[in-house]
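# A closer look at the structure
The residues making up each chain are set out below.
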Amino acid sequence: MKYIVTSIALVIGLMASAQNVEFKSANFKDDKDGFKAAVAAIKAGDEFFELGNEAVFLVKSPGINFELARREYEKAQKLNDKNGELNYKIGVCYANSPYSEKCISFLKTAFKLDPECDPFLDYYYGYALQLDGDFSAAKKSYEKFEAGYKKADDFSKFVTKRKKECKAAINLTADPVRAWVDNVTELNTAQNEYGPSVSTDGAELILSSNRPNGHTPNEIGGYDDDIYVSSIENGKWSKPKAIKGAVNSESDDVSNNLSYDGTKMLMHRVEDGQCDIYESKLVGANWTAPTKLPSAISSTRANERFASYSHDGWSIYFNRDNASRSTGYEVMYSSMQSKLRQNYMAAQMISTINSKFNEGPIYVHLDGETMYIASEGTGSIGGYDIFVSRNINGTWSKPENLGYPINTQYDDFFFSGTANGKYAYIASNRAGGSGGYDIYKVTFWGPEKEPVTATEDYLLASIVNPIADNSIEESVTVKKKSFTVFKGITIDAISRKPVEAEIEITDNTSGKVIETFTTNSATGKFIITLASGKNYGIAVKAEGYLFHSENFDIPKGSSDNLVNKVIELKNIKIGSKIALRNIFFDTGKSLLRSESNAELDRLVKLMNDVPNLKVEISGHTDNTGSAKSNQTLSQSRAQAVVTYLTKKGISASRMTAKGYGPNSPIATNATADGRQQNRRTEFEITGN
Amino acid sequence: MSPNKRLVFAFLTIAISSSSFAQLEELTPEEQAYKDSIQALNEDNAAIASSQEAYNRGIELFGQEKYSAAVKEFGKSIQFDPNFTAAYYNKGVAENKAGKYADGVKTLSKLIELKSNYSKAFFQRGLSYQGLNKYAEAEEDYEQSIKLNATNPKAYYNFGTLRFLQKDYEGAAKYFSKTIELDKNNVNAFNDRGSSYRMLGKYPQAIADYETAITKNPKLAFVLNNLGTTKSKTKDYTGALAAFNRAISIDANFHLAYNNRGVVQMNQGRLDDAEKDFKKALTVKSDYAPAQSNLSAIYFKKKEYKKALDHANKAIKMDKNNAAAYVNRANAKEMTRDMNGACEDWLKAKELGSEAGKKYYAGNCGI
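As the structure is a computational prediction, the values presented were derived from the model and not from experiment. (Residues numbered from 1 in each chain as written. Chains lettered and ligands numbered in written order. Predicted model: local features only at pLDDT ≥ 70, side-chain atom pairs only at ≥ 80, totals over all residues. Heavy atoms only, no water.)

Turning our eyes to something else, we now look at the pairing of strand 2 (residues 193-198) of chain A. Put simply, side chains in a regular strand alternate between the two faces of the sheet. Residues and elements named next belong to chain A. Across the six residues that make up strand 2, a large majority, six, are buried. Bridge count between strand 2 and strand 3 (residues 204-209): four bridges; the pairing is antiparallel. Looking across to strand 3, one finds that Glu193 is bridged to Ser209. Taken together, strand 2 and the strand that follows it, strand 3, pair antiparallel across an intervening segment of five residues, in which Gly202 is found at a positive phi of about 70 degrees. (Buried < 20%, exposed > 50% of the residue type's maximum accessible area, 1.4 Å probe, protein only. Helix = DSSP H or I, 4+ residues; strand = E, 2+ residues; numbered from the N terminus. Pairing = 2+ DSSP bridges.)

Next up, the structure:
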């Protein structure tokens, strides 16, 4: 219920606001003069309006007729903006101008105020909807118009075209091409800018504009088209400046195409209603006065415009209208026979490209195989669209729409691309511009870019498990070898004369005899080297002398590396005593240690060598401990030696064992060294 | 004749001219010379002992993986005994282990001067050169090592590795085959020969070798990863996924396998699954640039260009030479209307050797 009430209120409101106000005197009783002026203005406008419509019907340019008509209509509109028919007419004037976007509101208003105001309203209302992007509604409006249009003329071709445009628009806008189209605001004004032609290096752009130029404006205050130049500065286009040289005139001068090397330019100029193609050349910094191209191109019988050089410079493509046909401008080309003579042959029409409607600006790509053509014809989604045709085996293919958003339901024409095809400049009067036709930059995305994915492997196992040979050479046993020079002399203990003696050196650790030698017979001297850090036994014997024995240490790392020893030998006389220094017992015990064997064996040898020798083996202690125990120990140690000798075959009768305890010291017992000397085993000759 | 006997003999010769009057006297000049020679001998012996002690300490430190300290000890050993070849060798090995490859070259070169038939020294010096990326010199050494000892599979293996690194994949395969001939259970050699075949585009042979390596040691996640990426190349995405899944089951933190599985998922159009894998790779290794770059690729595919840009930025921050990330960033920059930035990045990617960077730069930038 609530919704019904709301709907009724809305309808009432719409009816109230959609009240058509007829241009009747009764409606303007308070402003009769104003009413008369308005009616006069409408009448004046209608004359231009008709002329414009006739041109449109013939696919010709309406010129400024619609502009002139609109000027008049707007006078009446000031008095009464609630008249459906007047809104319709203003809308139609805009619809057929570069400012077509402005038609939308007028035509929609006309439709609201008076849907029956004109037989063509449904057609133009459809166009307003089309421009507004409501293609389905537009198509329905066209269909409605078509159903009600009974005249047996050729207008139906326009309706059919519009319907196709809507159909195409629905399809193309649903699948936009991969491009951005940006208004190049720095180039554009509220006036028209079009005819962009970018230099091959993309650094300079030539365009045309009817912006105020100091020339005399026409009757509607408009200026003629001039050609301007802009260049890239800090990544932006500079403010366009009038092209240098004698190019621009008081007539419309419209840039068409810049040669690839940037030294020539095609343009068209309108003089006395005749539009022809001209060429200007760059000499130094200036462009020469344009020269009209030969009649094969710039004929007197027709209008020519929108020319383009071919890629090789041998041909020129251009538009030419045809008075005998109502198919608008068509694409033609003319080729030279000789570049020197510039003798262009009769122009040929390219039938595969041309449509029943106007073809527009042409651009032949540097590759020579791609042509961009603007066309109002089949396949457009509204107004001029840009199409591409490809030269396949010498024949230009059927043009294909470049797609949305390059093309829109408005006029989109002119195409000038950079060499790499990434960018192009076009002109368009699409909604949202600066006014009229504007220059737009197209940035093609190209085929969808594939992101790059990265996989990673350890292709070489050595990255994970490095292969090295970690085995190193083995450790070694450290051998600390150090030698000490052992120098000595054997002398007679009494006479001190050198005695030649046999010396035997024993390593007491191993018990092995390591050296045996005889001292010098003349000097008694000897010198040998012994490994340091060991205890050695030295046994010296000389004929007629008592066997000499002692043990000594060769210290490690001896500073002077020398042991110097004088060995005194004693004659074997009864009563001679010899201390057996290399006989060892464990402390407090009488068991002979094995390292004593060498000394004992030397004693055995002496006893064997001197068979009559009788000896007393005596044991001595220091005075440490009890006298009794020392006595016992010394006796048992002496007995141990005798026992050893006995076991080695020495007759016990030749030996006596006697313990003296501490009673026969040979040194003081007050010092450790003295006590060491006193602890001894002695050998005394008792018979010989 | 022992040194001692020689010395006695020498003395006796000297003694003939000595005084016959015996007494403890100063050393004669001859005796002094003799004593000096013994002193010198002792010094030599002490040096050798010190050298050996330092050498043994070096071995102990090497065993404790204290390679720099070991190098010092082996150095001392050499200082004490400059002819101690084992010390040079061990020093060279320790230097290699410590990553001091230039020092390794010096040490091992000296050793080779002292002992030119030391096969292991050539092998080790080859490792040193390899560490310095001097592949030609390393190859010469491995060849010499092989010449001196033709039964060392490691020398063949490393030679093969060098051939691989120099993109001589045929040569690499040959040497890895020789390694396998000498050591039939060398899984590394199977893997690496597989990789050589892979680089030669011989995918079936590569897959066979990887599978042999896996059979011999089923725990090698990296081989499964290689198997997966190779199967991807043959468009066997199912096989690839199985390999990556196995790799992940062996090593749940194997970021490469997550990343690579993500790429396969992405190729199969499973963008969300791929995204999860890339994120997992980054969870495991937060500074893993390829996964960041791949995330950028995913978001580009999803037309989330801002995110694509952010992740490419992160990837580049992690790895300034990541060509793929530059391409992906450029792609994202283009779609966020930064064409100049895009061209800079494509150019950078091109300079880093990216074919995509080259292609996109040529097609979109310049005149």
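Glancing now at the domain arrangement of chain A. For chain A, the assigned domains are domain 1 (17-179), domain 2 (180-444), domain 3 (481-571) and domain 4 (573-688). The distance between the C-alpha centroids of domain 1 of chain A and domain 4 of chain A comes to 153 Å. (Domains from an automatic or database assignment.)

This part takes up the nonpolar core. Counting 54 residues, the largest nonpolar core has B:Val223, B:Phe254, B:Met266, B:Phe278 and B:Ile298 as the members making the most contacts within it. By residue number, the principal contributor to this core is helix 16 (residues 289-301) of chain B, which donates six residues. Not counting the four nearest positions on each side in its chain, B:Phe254 is found in contact with A:Tyr458, B:Ala221, B:Phe222, B:Asn225 and B:Ala247. A:Phe28, A:Phe35, A:Phe145 and A:Ala168 belong to the second-largest nonpolar core, a separate cluster that totals 48 residues. (Core = buried A, V, L, I, M, F, W, Y, C linked by side-chain atoms within 4.5 Å. Contact = heavy atoms within 4.5 Å.)

Packed helices, taken two at a time, are described by the angle between their axes plus the distance between the axes. Residues and elements named next belong to chain A. In contact at an axis separation of 9 Å, helix 7 (residues 135-148) and helix 8 (residues 156-174) are set at 165 degrees when each is read in the N-to-C sense. When the axes of helix 7 and helix 8 are compared, the pair comes out roughly antiparallel. The crossing of helix 7 and helix 8 is left-handed. Contacts between helix 7 and helix 8 involve Phe135, Ser136, Ala138, Lys139, Tyr142, Glu143, Phe145 and Glu146 from the former and Val159, Thr160, Arg162, Lys163, Cys166, Ala169, Ile170 and Thr173 from the latter. Its residues assigned to classes, the contact of helix 7 with helix 8 comprises eight nonpolar, three polar and five charged. (Axes fitted to C-alpha atoms, helices over the stretch in contact; angles between N-to-C directions. Parallel < 35°, antiparallel > 145°, perpendicular 65-115°, else oblique. Left-handed = near helix turned anticlockwise from the far one by under 90°. Nonpolar A, V, L, I, M, F, W, Y, C, P; charged D, E, K, R; others polar.)

Right, let's get into the confidence of the model for chain B. Do not read the fine detail of predicted coordinates wherever pLDDT is low. With 93% of its residues at a pLDDT of 70 or more, chain B has an overall mean of 91. Taken together, the stretch residues 1-24 of chain B has pLDDT below 50 and engages in 39 contacts with residues farther than four places along the chain or on a different chain. (pLDDT = per-residue confidence, 0-100.)

This brings us to unusual backbone geometry. Residues and elements named next belong to chain A. Cis geometry marks the peptide bond from Tyr404 to Pro405, where omega comes out at 10 degrees. If you trace the backbone, Pro405 turns up in the loop between strand 20 (400-401) and strand 21 (412-417). Even without a glycine there, the phi angle at Phe306 is positive, about 50 degrees. Turning to its location among the elements, Phe306 is positioned in strand 12 (residues 304-309). The backbone of Phe414 shows a phi angle near 65 degrees, a positive value even though the residue is not glycine. For Phe414, the location among the structural elements is in strand 21.

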